[in-house]
Every structure is written in structure tokens, then in C-alpha cells.
Amino acid sequence: MWWGDGRIGGWAGNPGDLPPGLSIIEPVNSQDTNWVNWARSELYRGNSSIRNVRRFAESKENVKDVKYIVTVTTSDIKYSGTDDNVSIIIVGDKAATNRQYLDTKLYNDFEKGDTTEYSFLDREIGHIEYIIMKKEDSKMTIESEWCIEKVVVRKDKSGYDIKFPFFQWVNNASPDPLIIASNQTCLPQNESEIRSSARLLETSLSSHWEETKFKWSYDLKTGDNIEDVREHQPGFLKVHSEEKTYDELDSRFQWAPEHYSEYKNLRRTLAMTGITSTIKGLFDPINTIEEYKDVVEEIPEESAEAAWMDNWDSDEEFGRQTMNGMNPVNLHRIKELPEKFPVTEAHMEGILQRGLTLQEEIEKGNMYMIDLKILEGVSTGTYEDQKLFLAVPMVLFYLPPNEKLIPVAIQLGQLPGTDFPIWTPNDTREDWLLAKFWFRNADAQVSQLVTHLAQSHFILEPFAVGMFRSLSLAHPIHKLMKENLKSLIAIDTKAREVLITPGGVGDASLTVGHGSNGIIETLTKAYQNYSYKGMNYKNDLIQRDVMELPGYHHRDDSIKLWDATLSYMQDMVNHFYDSDSDVIEDWEVQAWVKDVFNNGFGKMKNLQQASLGVPSSLATKAELVEYLQSIFYTTVRHSFANYYSFEYTRFAPNSPTVLRGKLPREEDRGLATMETLLASLPTKKQAYVAAATGKVLANRASDEVYLRETPNWMFLKEETRKVFEKFVEKLDKIEEEIKSRNKELDIPYTVLQPSRIPSGVSA
């Protein structure tokens, strides 16, 4: 190799130039005890190679016998262009070019959407291995960021292009040197020596070097204070400012400017609508439940599901939403009633329809249940100087002969008795409706904070941070997951800033907010009651024993998508890994997995398993598939957890995020009236805040990329494209099956149509 002629003699103690007779023992994998010494040696060798690259780049040698043609494409997103000086070094297996500045006279280079060709003469470098880009601030302009889509390099004599896909911002925090080796897709152990050294340096710059590394953080801004949340929340990407705001987030992880503008415009429009509505008297006292539809009209949205509002208060609609609404993940079949929920035959008199006893219906498999015990002990806030209360409810469901699931008993606390009596359809319509209100209010807290925020946002962020710290752009897993994870850090940072912080929209719209610590307490409980195995959603459905439940369209669609994504992950792993040994020897993947285990979840306390049961290493292809599937399928999980949040909360009585007054007790039985129901429901102002929050959460950006799309495709070989196209064929089949089924339904279930599932968590 062209850098290696001086490492043997005159040894000065450097690990990369051992004297004759000494060598570093090569580790089996990154868990091997020899890994640290070997990595130091390789990093030293990598640094040596970069120093030699710089020696060539700064050489005064006037050998210019090869023509190089470089084509640079700047992204077409807003503000993606730069007026800074840009240079390139092309590195080959024999030498490297001089640093060449890319500039066209009398032309404004690197503007938004531009593709510009440059050419220069330089030395012969052999086979092109990677490139080094540098953006330097121009003394004539203010330094600006730059979003590179791709770079294409061609040696004039070779006649073929070498493509370097990038699709990423370059800014002050970007590594220097900015090594781009994405022209090949390769496991690190299979790389050439020069590319292996470059990749070690690339990942070291991301994870270890102080100036450029992606740091883990556990500092949550809570009002005027910074709270260390490492013992009860997963790690996330550090924002280098005291305010911890999205605007201070590294631009490499921010939304596209157009996306962020849409988000801000939507919030601004909703705020102005709320102010206007106040002026018009929208928030006057409510006289009928129908007046809540004024809020629906203030934030209009056409939807295929809208017919549910015509029958919103029926038991059958309650059951349908339990299976196919915004939080369909907690229903399970029971084999016996828990002692804490003592429903009797007397409670069920006239309700069960097969002529069987309650116990016989249970034995026949017709009884289901939800228990929101996770909310026990969670703090609640105050509204207009009144304490807010929260049920910790249990609901018993019955599958009658018409196979339309209905609720038949509700207990609003975990301890049976006069404080938490059992309510059934045999009670007055108002009493029963009030009990359903309190359950839906509790379910709204769990839906937004547990199912959505904890289990489809924050749980995924350690995998994203770890990947960007540990995997080179040349790694197939980085290329596979980049689209899936690229916007996650942006939305999670925004959520920490405006959703869960005191005074934020979550605090203003949820019972467990309103000045209390209930949001953080609920998030903490979400992880204490969860584990890595829970990310296997198909297994979760099986464990809940709901595989035979009729009308559970959510289950059917979820399983089809689980099988399709699992097959895609298996095909991709088989495409790049020949054996289990390839997984063991993949030090970048092993470093990623260990980083997530140690820093993503490893600081958390009081969990069912250390680090949520996330593995600290992977030993087989099957384990790698499971790891990738857990991450990738969370995209699907996020879609059903998020995109119905506006649909089913926009009419407040259906799913009130806040209720007023106290939980009904035994002494209140028979006393509920329409007036007391209205007094317990949110004010119109509260209803508007909740609906507006749901609208922002469920908004689909105009630049949204969906599951079957790949605008930022990083792979270059046609064989890899065929693996993806096979996945798309399965998605298209699922799409048609869902559409065909929905035609037969009064209220369709559309949220898991593949064409409506974003390729990643971005909202």
C-alpha cells in the first residue's frame, strides 16, 4: 500500500508501526478482549493514511496526466445551496489527488437544485476508493450550510462513473475530514485496507472526537430547570444549547426547511383560529353535546371514517374504536376475571345473549378486557383552580352472537367498592355514558404518552443516535435504515421542547399535565412495563389472545405488514451477510448494538430487564433480523398510534383528554343527568386545544416519504433494488386487500394502508 513504507524501522511506540516480530492480535469481533488494542492500531493506521492523503493533496508535485470529472448535485430543498468554497480530494489505492477547489468562473456554484460538472488534471491514483469533501467559509460571504445530494467522479480514461450518494447537510459540526465512502456497500470486515481505515476514522469522528461527535444526552429542559432523566428515560441526541430547542439542533438531523415551515404555519393558523373563535363566542358555556361539533367545524377535515360521529355514543361504536381506533393495543381475552374486578351474574342480567352464564361465556372465549393499571399513582394537574381527576379503569367486553364487540362493565379504579363501583348498560343511559367518558379520558392519556410517544418515538431514538455514531455511510444497515430514522431525532427534539415540557401543548391538553409531573411519571411507567420483546407486535397480539376476534381489522393489517417487513429484513440481511460469522465479525454493527445497550437504555433503573432487554451483542443473522425488524416495524406502529389521534379526539365527548369534576361513586348512581354530563366534559376551549394538538400530531407534511418510496436511495446495485421491489410488491398486495375489505365496511380502517404509512417517524 502506498502509505506503508516507513512503519517498520525506528519504532517510536506507535501501535500502527510495531517493530519486526511484534503484532497486534486480530480480534474475533468487537466483544473480543483484543478489540481495543486492534482498534487503536487500525485507527492509527487510518490516521496515517489520512496524513498521507493530505501529503498528496498539499504536494507541489506537478504531475497532471489524468483528467478527472466531478459532478456535484446540490439538493433541491430550501436553503440547501452554499456560497462557501468547496474542495475535493479523490483517494485511490495508489495515491490521492491534490485538493481541488470546485469553482466555475462567472457562475454561482452549489445553488439549490444545481447539478454542475467540474474537471481537472491530476496524478494517477489507481482505483478510486473514496472522496474527501471540504466546505470552507468564503471571506466574501457569511458561512452557510450545504445539502449535498450526490457526487459523481469519473476518470476520463476509465469511461465509467463512480457515484457517491449522500443526501445530507454539511455544516460546522460535520466531520473534518468529511470522508464519503458511500460508492460501495460493504461490511467493514470485507473492505480493502485503505477503505477500512477510512471507515474507522469516519465512525470515530462521529462517536469519539469532541469537536464533531454525536453526543448522548439525558438532560431534559423542564421549565427553567435542566433535569437529568437518565434513570427513567432513554438517551437522546445532545442539543448544544441551554434552551435545548429544536432550532439549536444539528441541522443534519432537522426537518427540511419546507417541512418545518409547514409545521409552524399549521400551529400559527390553529392558534389564530382559536383566538378568532374566542372572539366569536365559541368558548361560551355549552348547552348541548352537539355544540362540541362546532370545534369539529372550526378544524375541518374530510376523512373516510367520519361516519363514526353519527353513532359515537353507542356501545357498538365504543367496541369498534377499541379494536380499530386510536389506541387498539390493550385489549386481551380473559380466561378468568381478576379478583379486583368482581363482575357478577347480577351485573350481567339481561346483557349476555346466548343464554349462558358469565363464567360460561368466559370459558367459550367471548369475554375480553382492558386494564389501564399503568395510570395508578400518576399525578394530575389543576384547571381554573380545580383539581383534575383521573380514572385507573378496567373494562369488560363481550362478543355477542352478532360478533360486534361491546363494553358490558366498567370499574373506574383498581380497588372494588363504593368508591369504584361497577357500571353496566343496566344503569341509566347517563350513568353508563359518564363511565365511558372516564374510561376514554384515561385511555387518551395512555394513547398519547405510552402507545404513541414512549413506544413509537422515544424508544426508537437510541437506535437512531447509535446508528449515526457507529455505522459508516458505506454500511448496508445505515443505507437501509437512513430513510427510516432520519427525521426521528427532529420530531423527538421538538416533542421534548413543546409537548412534554411544563406549559407545552401536552401539559395544556392532558389531565396528567396542567402543571403536574404526570406526563413524565406516565412515560417512566411506560418503560417499567415494557421490554425489547414487546417491540415484536405480532407476538404481542398472539400473547393477548385476540387472533380469533372478529372485526379486529387493526390486527389483520398489522400482521400482514409485520410479515411483509420481516421478509424484507430477512432478504436484506441474506443479501449482505452470508453467515452468522459475518454478523459476529461486523464490528460496526456490534459497536452500534453495544452503544444502544450501554448508553441508549443502560442508565435506566427499575426496569423488568437491564436496558429493557435490548441485546448487547448479536451472534446470528436471525438476531440481526430481529433487531432490524424491531426498529423498522416501529414505523408501522407509529402510524396506527399517531394518525388517528385527530380523527377520534376532534369531537371531545368521544375521547376527552380532560374531564372536570370527580369520579362517580356508588352514592352517585342514578343521579347523572345531561347537565351533569356537560359539566364533566371539557370546556369548548379545552376541546379546541385538544383537537388542535391532535391536528398538529396527525398532520402529514407535503414532503412526506412513504413506505414504498425511496427518493434518497443509497444503494447503487440493481440486485439490492430488486430486494426492495419485492417488498413493494407485497405492500401493493396488502394495499389492495385493505381497500377491498374497506369497501364492505360502514367505517373503514385506512390508517395501515401502505400508501399512508410514512417511511419513518416524522410526526
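What this report covers is the structure whose coordinates are included nearby. (Residues numbered from 1 in each chain as written. Predicted model: local features only at pLDDT ≥ 70, side-chain atom pairs only at ≥ 80, totals over all residues. Heavy atoms only, no water.)

## Description of the overall build of the chain
Heads up, the condition is: Elements are defined by DSSP. Helices are runs of H or I of four residues or more, strands are runs of E of two residues or more, and each kind is numbered from the N terminus. Only protein chains enter the accessibility calculation, which uses a 1.4 Å probe. A residue is then buried if its area is under 20% of the maximum for its type, exposed if over 50%, and partly exposed in between. Any pair of residues with heavy atoms lying within 4.5 Å of one another is described as a contacting pair. Note on areas: these come from Shrake-Rupley sampling with a 1.4 Å probe, and a residue is covered only by the protein chains present in the view.
Scanning the chain for helices and strands turns up 21 helices and 19 strands. Burial status across the chain gives 59% buried among its 763 residues. Relative to all contacts within the chain whose residues are 6 or more apart in sequence, the contacts with residues 24 or more apart total 75%. When the accessible surface of the chain is totalled, it reaches about 30,900 Å², and 48% of it is carbon and sulfur.

## Re the pattern of salt bridges
If charged atoms from side chains of opposite charge come close, those side chains can pair. Inclusion rule: The rule for a salt bridge is simple: a side-chain nitrogen of Lys or Arg has to be within 4 Å of a carboxyl oxygen of Asp or Glu.
With the rule as written, the count across this model stands at 38 salt bridges. Taking the shortest distance from any N to any O, the salt bridge between Arg665 and Asp419 comes out at 2.6 Å. In this pair, Arg665 sits in the loop between helix 18 (634-642) and helix 19 (674-680) while Asp419 sits in the loop between strand 18 (406-411) and strand 19 (422-423), placing the two residues 246 residues apart along the sequence. Here Arg665 falls in the partly exposed class, since its relative accessible area comes to 32%. Of the charged contacts, one joins Glu626 and Lys533 as a salt bridge, the two residues approaching to 3.2 Å between their closest N and O atoms.

## Structural notes on the sheet that holds strand 13 (residues 332-333)
Selection rule: For two strands to pair, DSSP has to find at least two bridges joining them. To define axes, lines are fitted to C-alpha atoms, for helices over the stretch in contact only, and angles between the resulting N-to-C directions are given on a 0 to 180 degree scale.
Read across the sheet, five strands follow the order 13-14-17-18-19 without closing on themselves; strand pairing throughout is antiparallel. In this open sheet, the two edge strands, each paired with only one partner strand, are strand 13 and strand 19. Two elements, strand 14 (residues 367-371) and strand 17 (residues 394-398), share five bridges in a ladder whose sense is antiparallel. Paired with Ile370 across the two strands is Val395, which belongs to strand 17. Where helix 5 (residues 315-324) meets the sheet, it contacts strand 14, strand 17 and strand 18, and its direction lies at approximately 85° from that of strand 18. On top of the sheet, helix 7 (residues 429-458) reaches strand 14, strand 17, strand 18 and strand 19; it is set at about 80° to strand 18, its chief contact.

## Some thoughts on a negative patch on the surface
We count it as follows: Grouping into patches uses exposed residues only, defined as over 30% relative accessible area, and leaves out salt-bridged ones; the cut-off is 9 Å for like charges and 5 Å for nonpolar side chains (Val, Leu, Ile, Met, Phe, Trp, Tyr). Positive: Lys, Arg. Negative: Asp, Glu. His and the chain ends are not part of the count. All charge positions are set by atom: Lys at NZ, Arg at CZ, Asp at CG, Glu at CD.
On the surface, Glu718, Glu719, Glu725 and Glu729 cluster together to form a negatively charged patch. As for its position among the elements, Glu729 is in helix 21 (residues 718-742). On the basis of relative accessibility, which here comes to 56%, the residue Glu729 falls in the exposed class.

## Topic: helix 9 (residues 476-485)
Counting buried positions along helix 9 gives 10 out of 10 residues, so the element sits mostly inside the fold. Those residues of helix 9 that fall on the buried side of the exposure criterion are Pro476, Ile477, His478, Lys479, Leu480, Met481, Lys482, Glu483, Asn484 and Leu485.

## Here's the deal with unusual backbone geometry
Note: most residues except glycine have negative phi, and most peptide bonds are trans. Within the chain, His514 stands out as a residue other than glycine whose phi angle is a positive 50°. Checked against the element boundaries, His514 lands in the loop between helix 11 (505-509) and helix 12 (518-528). Judged by relative accessible area, which is 13%, His514 ranks as buried. Unlike most non-glycine residues, Asn606 shows phi in positive territory, near 60°. For Asn606, a relative accessible area of 65% corresponds to the exposed category.

## A look at the packing of aromatic side chains
Definition in use: Ring pairs shown here join Phe, Tyr and Trp side chains whose ring centres sit within 6.5 Å, with only the six-membered ring taken for Trp; geometry is labelled stacked below 30 degrees between planes, edge-to-face above 60, and tilted in between. Definition used: whenever NZ (Lys) or CZ (Arg) falls within 6 Å of the ring centre and also within 35 degrees of the ring normal, the charge is taken to sit over that ring.
Tallying each qualifying case throughout the model produces 28 aromatic pairs. Ring plane angle 10° and centroid distance 6.3 Å describe the contact between Trp312 and Phe437, whose orientation is recorded as stacked. Placement of the pair is Trp312 in the loop between helix 4 (293-298) and helix 5 and Phe437 in helix 7, with a sequence separation of 125 residues. Take Trp312 and Phe437: they sit in the same class, and that class is buried. Taken together through their ring pairs, the aromatic side chains of Tyr568, Phe576, Phe632, Trp713, Phe715, Phe724 and Phe727 make up a single cluster. Sitting over the face of the ring of Trp423, Arg669 holds its NZ or CZ atom 4.4 Å from the ring centroid. The positively charged end of Lys695 is found above the aromatic ring belonging to Phe646, 5.3 Å away from the centroid.

## Comments concerning helix 18
Burial analysis of helix 18 places nine of its nine residues in the buried class, which makes it a mostly covered element. Among the residues of helix 18, Thr634, Thr635, Val636, Arg637, His638, Ser639, Phe640, Ala641 and Asn642 are the ones counted as buried. Against helix 7, helix 9, helix 13 (537-543), helix 14 (553-576), helix 17 (621-632) and helix 20 (684-697) lie the buried residues of helix 18.

## Concerning the environment of Thr222
Along the chain, the position of Thr222 falls in strand 10 (residues 219-222). Dropping the residues within four chain positions of it, Thr222 is found in contact with Glu227, Thr501 and Pro502.

## Here we look at the sheet that holds strand 4 (residues 115-122)
In space, the four strands of this open sheet follow the order 4-1-6-7, with antiparallel pairing throughout. Strands at the two margins of the open sheet, each flanked by one partner only, are strand 4 and strand 7 (162-170). Each strand axis lies, on average, 20° off the axis of its neighbour in the sheet, ignoring direction. Both strand 1 (residues 66-74) and strand 4 contribute to a ladder of eight bridges, which runs antiparallel. Across the sheet, the residue bridging to Tyr68 is Phe120, located in strand 4.

## Quick word on the pairing of strand 6 (residues 146-155)
When you tally the buried positions in strand 6, you get seven out of 10 residues, the bulk of the element. Taken together, the seven bridges between strand 1 and strand 6 define a ladder with antiparallel strand orientation. Residue Thr71 lies in a different strand from strand 6, and its bridge partner there is Val152. The turn linking strand 6 back onto strand 7 is made up of six residues, and Gly159 within it adopts a positive phi angle of 80°.

## Thoughts on the packing of helix 9 against helix 14
Rules: Comment on the angle field: the value is read as roughly parallel under 35 degrees, roughly antiparallel over 145, roughly perpendicular from 65 to 115, and oblique elsewhere. Crossings are sorted by hand: turned counterclockwise from the far helix by less than a right angle, the near helix makes the crossing left-handed, and turned clockwise it makes it right-handed.
Relative orientation of the contacting elements helix 9 and helix 14 amounts to 155°, with a least axis distance of 10 Å. As far as their axial angle goes, helix 14 and helix 9 are roughly antiparallel. Two packed elements cross with a definite hand, and for helix 9 against helix 14 that hand is right-handed. Counting all contacts with helix 9, which are made through Pro476, Leu480 and Met481, the residues of helix 14 involved are Tyr568, Met569, Met572 and Phe576.

## What to know about the side chain of Asp109
This is how it is decided: Polar contacts, as used here, are pairs of N or O atoms within 3.5 Å; protein pairs need one atom able to donate a hydrogen and one able to accept it. Residues neighboring in sequence count only if both atoms are side-chain atoms.
Mapping Asp109 onto the fold places it in the loop between strand 3 (100-101) and strand 4. At a separation of 2.8 Å, a polar atom in the side chain of Asp109 contacts the side chain of Tyr118. For Asp109, the residues in contact, after removing those within four places along its chain, are Thr82, Asp103, Thr104, Thr116 and Tyr118.

## Focus on the nonpolar core
Operational definition: In this description, a nonpolar core means a group of buried Ala, Val, Leu, Ile, Met, Phe, Trp, Tyr and Cys residues linked to one another through side-chain atoms lying within 4.5 Å.
Of all hydrophobic cores here, the largest spans 162 residues; its most connected members are Met481, Tyr568, Trp592 and Tyr627. Among the elements that make up this core, the one with the highest residue count is helix 7 (15 residues). Grouped together as the second largest cluster of nonpolar side chains are 29 residues, Leu102, Val151, Phe166 and Met714 included.

## Here's the deal with the environment of Val86
Checked against the element boundaries, Val86 lands in strand 2 (residues 85-92). Look at Val86 and you get buried, because its relative accessible area is 1%. Taking the C-alpha atoms as reference points, Val86 and Gln100, 14 residues apart in sequence, are found 8.6 Å from one another. Leaving out residues up to four positions away in the same chain, Val86 has contacts with Gln100, Tyr101, Leu102, Phe110, Met133, Lys134 and Trp146.

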